[in-house]
Every structure is written in C-alpha cells, then in structure tokens.
Amino acid sequence: MESAQRFLIFGWIAIAFSLFLHVDSAARTPNRWIPQNADQVQMPSSPVKLYTWKDHVMLDNGIVKLTLLSPNGLIAGIQYKGVENVLDYHLREPRRGYWDIVWSRPQERKSFFYELEGTSFEVIAETEDMIEISFTRTWNSSLNDSYPLNVDIRYIMLRGSSGFYSYGIMEHLEGWPDLNIDEARIAFKLNPDIFNYMVVSDNIQTTMPTSNDRIGGRVLDYKEAVLLTNPSNATLKGEVDDKYQYSYDNKDSFVHGWISSRPKIGFWVITPSNEFRAGGPMKNDLTSHVGPTSLAIFFSGHYAGSNFGIRLRNGEPWKKVFGPVFIYLNSGFWEDAKKQMQKETQKWPYDFPRSKDFPHANQRGTITGRLFIRDRYLNRKFMPAKSAYVGLAPPGDTGSWQTDTKGYQFWNQTDENGYFTIRAIRGGTYNLNAWVSGFIGDYKHGADIVIKPGSQIQLGNLLYSPPRNGPTLWEIGIPDRTPAEFYVPDPAPEFKNNLFIIQTEKYRQYGLWDRYTDLYPDQDLIYTVGVSNYKKDWFFAHVNRRTNSTHKYEATTWQVSFHLTNVTRKRTYTLQIALASANYAEIQVRINNPSTTRPHFTTRLIGRDNAIARHGIHGLYSLYSVDVPGFQLVHGKNTIYLKQSRGENPFCGVMYDYIRFEGPPKVNH
C-alpha cells in the first residue's frame, strides 16, 4: 500500500514537471503569434503550412487550402470540405480570383481593366500559427502601357481559421505620371456547378439564375438588366436579373456570399471595417451577383459618377492600404456567417498583418465627444443629436467626405444622448464631419483634428446649427438622405421580381422610372400642401415621361400648391431643396408662373450618380437653399413649379430627400 502511494506521488510530480517544461518551451518560442481571441481557434488544429512549386504557392491549415499562381498572386483554387476547388475550374487559372483596377491616363479617354499581377513572390512571416505571403509589382517607367503604381498584394492564413485574409497596398511615388483609378476590388468567380443560392442580407437571399440563363434571356434597357425567358429553374421565369439590384451601402454591407447545395458550403466575403472603403457610410456599391460572383469593392463610380475615383496629378505621392478582408468558408449557414462577421469587426484592427503600413491598435487613436443640434424654430434648448453619423475624413469642404477616395475614413453613430466614440483611427490629419437624420445639411468641425499613435482626444460638446432661415410653413418628406418614405410603385407585372416585393426593398425592382408615365400619362404630379400625403402622392423619383414614340422622353414639371396668409412682401422666404440623387438633371424653380422664360432658380446640370437606373434609393446628397422674395408670393393660393428640364432619356432625373418652405426670419431667433 505504501509503495503504491509513493508510485502515485512520483507520477503526479512527473506530470507536473512535464507540464512545466511544455509551458516554459511555449513561452520561449520566438515570433509566436497568439490570437487576440483564443476561443476562436479550433484546438487541436493543424499547423499552417506553405508549399511552393515553380509557378504555384499553396497555404494549408488543415481546414482550407489556398492555391495562388506565382509570382503574380492570382487565385487559382480554394479547397474546402473535400471540394477540390470552390472557384470556377472551367475558367483559366488567372480568371478565377484576382485583385483588379480600372485605370486611365487623364489625357486619354480610354480606360483599361487590369488584374493586379505581381512580378515577385516573398514569404513575409512563417510560423505554425500564421503565414503571410506577398506578391509585389514595381512600376517600370519604360513600359508605356502599364499603370504607374507599385502594388503589394498579401495573403494571410491563420491556424484554426476557416478561411484566409487578403489586403493590398497601392503606391504612387512623387513625380510619377498623372493617373486616374476609377475602381479597385477583389473578384471571386465561384464554381457554378455547386453554388446556386446567394445571400446579401436577411431580406435578400434567393436561388439565382445561371450565366447561361442570362445569355438566353432578353436584354432590357441596358445590358446588365435581363428578363429571364427560359431559365433552367422554371420558378425564375419572367423575373428580371440585374447585378445592381443587390447593391448595399457601406454602412450595411459587411458580409455577403453564396451557398452551395451539395455539399453544403458557404463562401462569404467579410469586410471588417469601412476605413479603407471610399465615400463614407452612405456609399452604395455592388456585392454578389450572377456568375456566381462575389466582390470586395473598395471604390467605384457606381452611385457616385464618373468623376468618383483616385485622381493623381502633378506628381502627387499617394499610398493606401485596402483591407484586410476575410474570406470565410463554412457549412452554408447565414447566421454563422453573420456571427463570424461580428467576430471579425470586434477584432479590428487586426494584430497579425506584418506590413508597416498597417498600424495595429496601439498605433492608433481615439476621439470622443457629444453632438448637439441648435434649431430654435424647433426647440429653444439644444437638442442631443440622436443616432447621428459622425466621422473623420481627410480635410476638405463641408460634405466632401462623400467623394473622398484617397484617404481613410472612420465613422460611428451617436447614442440617444448625442455621445460618440470613434476608435482605431490611423495617425493623420482629419476633419470631423456629421449628418443627422431629421435635419438637413452637413456638419463640419471648425478645426483640423490631428491623430497620433495612442491619442485620446476629448472634443467635448459640439454644436451643429442646420441650415434654416425661418419657421417651417410646410414640408414634404423626412430629411434622411433617401426618398424611401415617398411613393415607390409596384413594378410592371412583366418585370416583377418576387425577391423585392416587400416595401423596404421595392425600389430595387426594374423599370420603376416608366411607372411614372403609367401613373401620370398626360398631366404631371400636383401636390397640395395640407391635402396630399407624401407617402402616397409624391413619386419617389422626379423622372421624365415616356412619349408615344419609342424610347422618347420629355421633361416633366411638378407642382406644389399651398395657401399663405399675411404675406410679407418686403421680406424673404426660403425654399430648401435636399436631393438624395441626381443624374444629368436640371431642376428649375418657378414661382406662381410656369411660363416664365427664365426660371427663378436653376441647379444647372447636376449629377452623374445614375441611381435611378441602378435601382438605388439614393446617390450623392446635395442641398439647395433658394431665396424667394415676398413680392413673388400672394395672399391665398401659391404654386411652386419644379421642372426637371433635361428630357433626353429615362434616367435623367433626381430623387428628392426633403423639401421645406420657410417664412421670413423671426425676431429673437
């Protein structure tokens, strides 16, 4: 008995000593990457391995295998759950997955679509827990047909992770030639034999047509819109497919992808941060679409116009890191993909990228503050700006964050009391911007904000006084930068898409611009203040009317009628017109006389965001404050005429966000 006890005691001592040696060895392992959230690592798991051949490279962590062409870095294959390649193996290897840009020389009108291909391969870091590899390309000035950029495309695979990360660094050195970059993205062409179900959001998820279904369909007003006439899935017959129907705002688009049926696999593009995406939280862009294709778009002119993009002039130096984005593979569950997205956003900024151009959390800063609204015609007291979007963007004019593409942006929303915190801000000089639902205009803080590593800046109380000259006499809509509250019609029966029949998604239906003509075939919209209801009587887009001639459209004039008493003829009234979108449009304002040769006010030609054609609910926001002299008004009935004078095609027009007519300023306001 005594010898047995001694045996047990020595046994426990031996086990304890062995554990001590194991822990000590682990602690002394050099360059060992430890995940931020250890509970996300599947343990035990296989170490990450790197395999290299003459013209291929493979990363393998026992869950996912990523095969890349070398040295160009294009994605040839992704293996998961026994499927040899979730990408489209029918395509040539360089066409399955890639980074790309659309670029041009300013002095030429022709644009070029180029895949970003490296010329050199390098292993940046290699341990059992993570591998980071790089494919670089240095501009050669002797090649006249190449774009003047240095490019570094990187891929990272972590131990126990069901996917991989990718980020890219683009650089234009001082003195290099002028350059336009209109678009930058990562594209994944998935295996059409297995992927047939697309998910963009909780509301937008469906079985999709195939590329051949589109080829066999009828092209509508533009090539992207196709009526499915004989699809392989009969339930889709008679529906319209258009990649723009699946677009989303940056603020709402963090994960999307595809699900296969046999075997059950989910392929998801997760964008954990918007700091590297252009145009701020309201920028709308593509997600996934027929192919099957999934995209990680960093910037494009969609819903913004052809002038939106990187414009480098006079030897301007520029560098920007795009990503990392996470490509996640699972067993085909959307809820799990959303949970993974939340985990990725909580880990931002990642601590594992090795590029010196990607600052980690301890190299970033934080700002806090509280935003108030001052509108004494609504409330004598300052009002907390509830759920306002507050963000840092590169210095510029008020509202210029909408069109900024070169720099980084950092946004958050205020709470019910107007407090906000913006974390993980890269070092640099910024303007603080904000906009508040329920109020027109843009706020910009008066002073530049300089962020340094470790900065903790407390801005205190900030005050935004939205544009206003006098009390509200009448208003149409809700100032929230969209026309979603206005009347969005049902589509023509022959163009109905069952995916978008719910009210909040109805604007995505095809051909709504022509529904205006169906509703107003002879006479334009007339809105009577105090009688009409903007939810039913104000069409969501001011578009042109289709004439009896095929493909001919004419300008339209909307009327707003209202009664005034006690008109002050020597004072000035104000018409506030907030636009949610404009495309090759001109809004002319006339007061009480629609026949005057010269309008009282004109926006002149504005906008190129094309949101009407691309099923958007907004493009770029703009605001016009129009002075109306009292002598142009009368006691009793008045009418303001709003003419969209550019009648060339169905897509010229605007979307009103909100219209307000203000009386003259009151004393003591």
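Relevant structure appears above.
The present account deals with the structure reproduced in this document. Residue positions are counted from 1 within each chain, in the order its sequence is given. Local features in this predicted model are restricted to residues whose pLDDT is 70 or higher, and side-chain atom pairs enter the listing and the counts only when it is 80 or higher, whereas totals over whole chains, interfaces and linings include all residues. Each side-chain value is worked out from all heavy atoms of the structure, with water and hydrogens disregarded.

Counting secondary structure elements, the protein chain contains five helices and 45 strands. Throughout, radius of gyration means the C-alpha value; the globule benchmark is 2.2 Å times the number of residues raised to the power 0.38. In terms of overall size, the protein chain behaves like a compact globule, its C-alpha atoms giving a radius of gyration of 29 Å where 669 residues would be expected to give roughly 26 Å. Expressed along its principal axes, the backbone C-alpha trace of the protein chain runs to roughly 110 × 65 × 60 Å. Put simply, 70% of the contacts in the protein chain that link residues at least 6 apart link residues at least 24 apart. Every helix listed is a DSSP run of H or I at least four residues long, and every strand listed is a run of E at least two residues long, numbered separately from the N terminus. Contact definition: two residues touch when any of their heavy atoms are within 4.5 Å.

Turning our eyes to something else, we now look at the pairing of strand E18 (residues 255–260). Of all six residues that make up E18, six are buried, and the element is covered over most of its length. At least two bridges found by DSSP between two strands are what make those strands a pair. With four bridges joining them, strand E12 (residues 195–199) and E18 adopt antiparallel strand pairing. When the sheet's bridge partners are listed, phenylalanine 195 is paired in E18 with serine 260. The pairing of E18 with strand E19 (residues 265–270) spans six bridges and is antiparallel. Bridging from a neighbouring strand, histidine 256 pairs with valine 269 of E19. Where E18 folds back on E19, the antiparallel hairpin that results is connected by four residues. Three labels apply to residues, based on accessible area from a 1.4 Å probe with only protein chains included: buried if under 20% of the type maximum, exposed if over 50%, partly exposed otherwise in between.

Examined against the element boundaries, histidine 542 turns out to sit in the loop between helix H5 (534–537) and strand E36 (545–546). Taking relative accessible area as the criterion, histidine 542 reaches 0% and is therefore assigned buried. Nitrogen and oxygen atoms within 3.5 Å of one another constitute a polar contact, given that in protein one can donate a hydrogen and the other can accept it, and given that sequence-neighbouring residues count only through two side-chain atoms. Side-chain polar atoms of histidine 542 contact the side chain of tyrosine 656, separated by 2.9 Å. Excluding residues within four positions of it along the chain, histidine 542 makes contact with Thr556, Thr557, Trp558, Ile587, Leu642, Lys643, Gln644, Cys652, Gly653, Val654 and Tyr656.

Nothing here speaks to function; it is geometry throughout.
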